[in-house]
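# Per-entry structural report
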Amino acid sequence: MPAQVITVTSGKGGVGKTTAVANLAVALASNGSKVVCIDGDIGLRNLDVILGLENRIVYDIVDVIEGRCRLKQAMIRDKKLPELYLIPAAQTRDKNSVSPSDMNRLVKDLRNDYDFVLIDSPAGIERGFRNAIAAADRVLVITNPEVSAVRDADRVIGILEAEDKGPAALIINRLNPALVKKSDMLSADDVLDLLAVELIGIVPEDENVIISSNRGAPVAHDPKSKAGQAFRNIARRLKGEKVPFLDLDSSGSLWERLQRLAGRK
Amino acid sequence: MTGTNSLIQIKGLRDGLLVSLDDAPWDEQRIAFLAQVDAQPDFFKGARLALDVASQVLHVNELVDLRDQLSERGISLWAVISESPTTENTAQLLGLATRVSKPRPEESRQFSVRDLGDETALFLERTLRSGTRIEFPGHVVVFGDVNPGAEIVAEGNVIIWGRLRGMVHAGSKGNKNAVICALDLSPTQLRIAEEVAAALNPQENPKPEIARINENGKLQAEFWSPG
Ligand SMILES: Nc1ncnc2c1ncn2[C@@H]1O[C@H](COP(=O)(O)OP(=O)(O)OP(=O)(O)O)[C@@H](O)[C@H]1O
Ligand SMILES: [Mg+2]
């Protein structure tokens, strides 16, 4: 079966795109899939750091596109998972060195040999974002339960619909059930109510995410971490399994929370 | 003023330039137009540009590229007019206007709504997501939600069969009789003519409401009831 090509994007920066790509890649590869992830954030690469592969980079995606090396030469094999590869971004080039048709060509060469191609998108809706979604069969939009992040996610979902890349599926990242309970954070239902798209995962706020990212060993390796479990669940859903969602109850109405968040109470 | 290139026509509007392209291949037109700009940089620099692209089908990629290339040349693209619904949709997503009124100097502002006739409405059967801007010289009817971050600016009335949580400006050319109705009226901001109201109180169990300017000249919303 040809690969599923999946792009993770968000609109707003810093909501967890790179974290999600690294963890989904680890979770899928631990589960027997052949996975390639592509860092599409040209000029600000960091997927390699989170995967702990920084010091193995020789060639990058721009080298492949400009013909300085073969595709296989730019694919770095993971230290622990032999079926997981990374194609790193170029650190010193700008996003205009890559075009949407370059991405299509590159991904086409991977489709027959792997099960999943995961693409990390830069923030925003400019050139880098358009490169990242060009080859996607499916787009996962990730957001935090914050008003501004949700608004940017909404904008990106609208653009994806217009580009026939929809329907997007949604990951809500960094949900803090205690804050939701106190009506100090939007709940998953509030976010879904606005965005009206399919939910594919809710990842709780978890300090292990930061600790393990710094170590270069994504949290999906850690059987005890809640966030790791959430990413493993998303990976199973990507393979078509039905996995129940983490039960994070919320109390109070949306408007109570919005009013409190807006300081209008 | 008329352009020198046979494909491209350039006219002066009151508040900028209107450039009309035709249905020849997009890349050819884009390159020809940019070449023309580069040949007369002083004429174009600082211009507000409305672009009529005939029935070209343009996606976000193409419009964003063009907008970037124009902005590098000091030109701000604010409107894209098209016969293609896809292109219109793309322009709206990018927050560009899709209609330009071409007022002649002798036309007074008050006439614009009446000129169109009371029947002219734009009907949108979808949810307007954040970043979308709809500008229309008549009434606007939305069958769907208007999300926070989306904007509608209409010279006539605005009716939302859904939740209104974005910004709506009705009677944008000064018509104080314009109204705004929604099944759930919880906007970030409402405007009618020159009156502005910030975030109406959100309701737990929304009922249809209608907002208008009352006898005291203030913007006010009241529940709709039959009869
Ligand atoms: N579930 C989580 N719990 C705690 N911290 C998290 C979680 N998810 C992400 N983070 C942290 O948030 C920060 C931003 O994450 P990340 O770099 O993945 O975001 P991004 O969307 O890729 O950012 P950019 O837009 O800059 O590319 C990182 O420090 C990461 O460790
Ligand atoms: Mg990132």
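Residues numbered from 1 in each chain as written. Chains lettered and ligands numbered in written order. Predicted model: local features only at pLDDT ≥ 70, side-chain atom pairs only at ≥ 80, totals over all residues. Heavy atoms only, no water.

## A look at the pairing of strand E14 (residues 209–213) of chain B
Residues and elements named next belong to chain B. Definition in use: Relative accessibility decides the category of a residue: with a 1.4 Å probe and only protein chains considered, values under 20% of the type maximum give buried, values over 50% give exposed, and everything between is partly exposed. Helical segments are the DSSP runs of H or I of at least four residues, strand segments are the runs of E of at least two, and each set is numbered from the N terminus. Between any two strands, at least two bridges found by DSSP are needed for them to pair.
Among the five residues of E14, four are classified as buried, and the element is accordingly described as predominantly covered. Bridge count between strand E11 (residues 180–185) and E14: three bridges; the pairing is antiparallel. Residue pairing for E14: Ala182 is matched across the bridge by Glu209. Sheet analysis places E14 next to strand E15 (residues 219–223), joined by five bridges and oriented antiparallel.

## Focus on the environment of Lys79 of chain A
Residues and elements named next belong to chain A. Threshold: Two residues qualify as a contact provided that any one of their heavy atoms is within 4.5 Å of a heavy atom in the partner residue. In protein, a polar contact requires one atom able to donate a hydrogen and another able to accept it; more generally it is a pair of N or O atoms within 3.5 Å, and residues adjacent in sequence count only if both atoms are side-chain atoms.
Tracing the sequence through the fold places Lys79 in the loop between strand E3 (76–77) and strand E4 (84–87). A relative accessible area of 47% places Lys79 in the partly exposed class. Taking the C-alpha atoms as reference, Lys79 lies 14 Å from Ala27; in sequence the two are 52 residues apart. Those residues in contact with Lys79, other than ones at most four positions away along the chain, are Leu51, Gly52, Leu53 and Arg56. In terms of polar contacts, Lys79 uses its side chain to reach the backbone carbonyl oxygen of Gly52, at 2.9 Å.

## Brief notes about the side chain of Asp60 of chain A
Residue and element names in this part refer to chain A. Our working definition: In this tally Asp and Glu are treated as negative and Lys and Arg as positive; neither His nor the chain ends contributes. By salt bridge we mean one thing: a side-chain nitrogen of Lys or Arg within 4 Å of a carboxyl oxygen of Asp or Glu.
Mapped onto the elements, Asp60 comes out in the loop between helix H2 (47–50) and helix H3 (61–65). At 4.8 Å, Arg45 is the nearest oppositely charged side chain to Asp60, a buried residue that forms no salt bridge. Within the structure, Asp60 has its side chain in polar contact with the backbone nitrogen of Val62 (distance 2.9 Å). In this view, Asp60 contacts Ala74, Pro88, Ala89 and Ala90; residues no more than four positions away in its chain are not counted.

## Considering the packing of helix H1 (residues 26–39) of chain B against helix H3 (residues 60–72) of chain B
Residues and elements named next belong to chain B. Put simply, the rule reads: Note on geometry: axes are C-alpha line fits, over the in-contact stretch for helices, and angles between N-to-C directions span 0 to 180 degrees. Any angle that is under 35 degrees is reported as roughly parallel, and any over 145 degrees as roughly antiparallel; angles of 65 to 115 degrees are reported as roughly perpendicular and all others as oblique. In this classification, Asp, Glu, Lys and Arg are treated as charged, Ala, Val, Leu, Ile, Met, Phe, Trp, Tyr, Cys and Pro as nonpolar, and every other residue, Gly included, as polar.
Axis separation between H1 and H3 bottoms out at 12 Å; the angle between their running directions is 10 degrees. Accordingly, the angle class assigned to the pair H1 and H3 is roughly parallel. Contacts between H1 and H3 involve Trp26, Arg30, Phe33 and Leu34 from the former and Glu62, Leu66, Gln69 and Leu70 from the latter. In terms of residue class, the contact of H1 with H3 is built from five nonpolar, one polar and two charged.

## With respect to helix H6 (residues 127–134) of chain A
Where burial is concerned, most of H6 of chain A is hidden: eight out of the eight residues are buried. Within H6 of chain A, burial applies to Arg127, Gly128, Phe129, Arg130, Asn131, Ala132, Ile133 and Ala134 of chain A. Residues of H6 of chain A that are buried sit in contact with strand E1 (4–9), helix H5 (100–111), strand E5 (116–120), strand E6 (138–143) and helix H7 (147–162) of chain A together with H3 of chain B.

## Quick word on the pattern of salt bridges
Following the criterion strictly, the structure yields 20 salt bridges over all chains and no others. Measuring nitrogen to oxygen at the nearest pair gives 2.8 Å for the salt bridge that ties Asp63 of chain A to Arg68 of chain A. Here Arg130 of chain A makes a salt bridge to Asp65 of chain B, at a shortest N to O gap of 3.4 Å. Placement of the pair is Arg130 of chain A in helix H6 and Asp65 of chain B in helix H3, with the two residues belonging to separate chains. Sharing partners across several salt bridges, the network here consists of Asp193 of chain A together with Asp145, Arg163 and Arg165 of chain B.

## Description of a nonpolar patch on the surface
Residues and elements named next belong to chain B. How we decide: Like charges are joined within 9 Å and nonpolar side chains (Val, Leu, Ile, Met, Phe, Trp, Tyr) within 5 Å, but only among residues with over 30% relative accessible area and no salt bridge; these make up the patches. Where accessible areas are quoted, they stem from the Shrake-Rupley method and a 1.4 Å probe; at the residue level, only the protein chains shown are allowed to cover.
Residues Phe123, Phe143 and Trp161 make up a contiguous nonpolar surface patch of roughly 370 Å² in combined accessible area. Within the element layout of this structure, Phe123 appears in strand E5 (residues 121–124). What makes Phe123 exposed here is its relative accessible area of 51%.

## Remarks on the site of ligand 1
Residue and element names in this part refer to chain A. Heads up, the rule is: Here a residue is near a molecule or strand as soon as one of its heavy atoms is found within 4 Å of it.
Lining the immediate environment of ligand 1, one finds 17 residues, of which Gly14, Lys17, Thr18, Thr19 and Asn173 sit closest. Contact distances for ligand 1 include 3.0 Å between an oxygen atom and a backbone N or O atom of Gly16. Within the contact set of ligand 1, an oxygen atom lies 2.9 Å away from a side-chain nitrogen or oxygen of Arg174. In the complex, 80% of the free accessible area of ligand 1, which totals 630 Å², lies under the protein chains. Listing elements by their share of the shell around ligand 1, those giving two or more residues are helix H1 (17–30), strand E7 (169–175), strand E8 (198–204) and helix H10 (207–215). It is H1 that contributes the most residues to the shell around ligand 1, three residues altogether.

## Comments concerning the interface of chain B and chain A
Condition: Buried surface area refers to the total accessible area, computed with a probe of radius 1.4 Å, that the two partners give up upon joining, counted for both partners together.
Across the contact, 24 residues belong to chain B and 23 residues belong to chain A. Buried area between chain B and chain A, summed over both chains or domains, comes out near 2100 Å², and the portion from carbon and sulfur atoms is 46%. Put simply, chain B and chain A have five salt bridges between them. The partner of Glu161 of chain A in a salt bridge is Arg129 of chain B, and the shortest N-O contact between them spans 3.2 Å. If you look at where chain B meets chain A, you find 11 residue pairs in polar contact (both at pLDDT 80 or more). At the level of elements, H3 and helix H4 (85–93) of chain B are the ones that each hand at least two residues to the side of chain B that touches chain A. Examining the composition of the side of chain B that touches chain A, we find that five residues originate from one element, H3 of chain B, more than from any other. Per-class residue counts for the side of chain B that touches chain A are seven nonpolar, 11 polar and six charged.

## Focus on the sheet that holds strand E7 (residues 139–142) of chain B
Residue and element names in this part refer to chain B. With mixed pairing, six strands are arranged side by side in an open sheet as E5-E7-E9-E11-E14-E15. The strands lining the two open edges of the sheet, one partner per strand, are E5 and E15. Strand-to-strand, the axes of this sheet are offset by a mean angle of 25 degrees, without reference to chain direction. In the sheet, E5 pairs with E7 via four bridges, with the strands oriented parallel. Its bridge partner being in E7, Leu124 is matched across the sheet by Val142.

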